[in-house]
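Chains, contacts and geometry: an overview
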Amino acid sequence: MYRLSYAEIMEDAPDLGRERERDAFDRALNQLRTAEAQGAAAGPARSAAVGSIQDLWNVLIANLLDPENALPESLRADLVAIGLWNMREAGEVLSAPDRSLAALIEVNTSIRDGLQ
């Protein structure tokens, strides 16, 4: 079975690529919101939710650092900076179970909303 790379999807069908990005953010955000609502009772679900946003940003950062990425360099740099902030915040959240997920939810909701 042939699997398209992220770059190939974005090159051939940018609307489909943006839709997939929005879907990925929606899934991660739903997990974060559920874990936040459950509070301390979230336990492993909280770790999984934070892991999903880390996984998403790992893929996005790798794509943004690819020299073939067609986005303007300044936008790519800004998005990488946001991605790195997400990774740091996720690490802080994982090391402090009482820390709110609100900042991760707010920032990633803004990014998702910008994928119109």
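These numbers were taken from a predicted model, which means no experiment stands behind them.

Moving on, we come to the nonpolar core. Counting residues in hydrophobic clusters, the biggest one holds 24 residues, and the most contacted among them are Phe25, Leu32, Val50, Ile53, Leu56, Trp57 and Leu101. The set of elements that each furnish at least two residues to this core consists of helix H2 (14-38), helix H3 (44-65), helix H4 (73-95) and helix H5 (102-113). Broken down by element, this core gets its largest block of residues, 8 residues, from H3.

Here we come to the packing of aromatic side chains. Any pair of aromatic rings gets described here by the distance separating the centres and the angle formed by the planes. If you walk through the whole model with that rule in mind, you get 1 aromatic pair. On the numbers, 5.9 Å between centres and 75° between planes, the contact of Phe25 with Trp57 is edge-to-face. Taken together, the positions of Phe25 in helix H2 and Trp57 in helix H3 put the pair 32 residues apart, joining distant regions of the chain. Owing to a relative accessible area of 1%, Phe25 belongs among the buried residues under this scheme. Residue classification places Trp57 among the buried positions, given a relative accessible area of 1%.

Time to look at the packing of H4 against H5. Between H4 and H5, the least distance of the axes is 10 Å, while the angle of their chain directions is 155°. By the angle between their directions, the pair H4 and H5 is classed as roughly antiparallel. Crossing of H4 over H5 shows left-handed handedness. Where H4 approaches H5, its residues Leu79, Ile82, Trp85, Asn86, Glu89, Ala90 and Val93 are matched on the opposing element by Ala103, Leu104, Val107, Asn108 and Ile111. Split by residue class, the contact of H4 with H5 holds 9 nonpolar, 2 polar and 1 charged.

Taking 1.5 Å per residue as the helical rise, H4 with its 23 residues ought to reach 33 Å, and the 33 Å between its terminal C-alpha atoms agrees with that figure. For H4, the set of buried residues is Arg76, Leu79, Val80, Gly83, Asn86, Glu89, Ala90 and Val93. Buried residues in H4 make contact with H3 and H5.

In this section: the pattern of salt bridges. Think of it this way: side chains of opposite charge can pair up when their charged atoms draw near. Following the criterion strictly, the structure yields 5 salt bridges and no others. Put simply, Asp26 and Arg112 hold a salt bridge, and the shortest N to O gap is 2.5 Å. Placement of Asp26 in helix H2 and of Arg112 in helix H5 is noted, with a sequence separation of 86 residues between them. Classification of Asp26 as partly exposed rests on a relative accessible area of 27%.

Take the environment of Leu60 next. Structurally, the position occupied by Leu60 is in helix H3. Between the C-alpha atom of Leu60 and that of Leu79, which follows or precedes it by 19 residues, the distance is 8.7 Å.

Calculation rules
- Residues numbered from 1 in each chain as written.
- Predicted model: local features only at pLDDT ≥ 70, side-chain atom pairs only at ≥ 80, totals over all residues.
- Heavy atoms only, no water.
- Core = buried A, V, L, I, M, F, W, Y, C linked by side-chain atoms within 4.5 Å.
- Buried < 20%, exposed > 50% of the residue type's maximum accessible area, 1.4 Å probe, protein only.
- Helix = DSSP H or I, 4+ residues; strand = E, 2+ residues; numbered from the N terminus.
- Phe/Tyr/Trp six-rings, centres within 6.5 Å; stacked < 30°, edge-to-face > 60°.
- Axes fitted to C-alpha atoms, helices over the stretch in contact; angles between N-to-C directions.
- Parallel < 35°, antiparallel > 145°, perpendicular 65-115°, else oblique.
- Left-handed = near helix turned anticlockwise from the far one by under 90°.
- Contact = heavy atoms within 4.5 Å.
- Nonpolar A, V, L, I, M, F, W, Y, C, P; charged D, E, K, R; others polar.
- Expected span 1.5 Å × (residues − 1).
- Salt bridge = Lys/Arg side-chain N within 4 Å of Asp/Glu carboxyl O.

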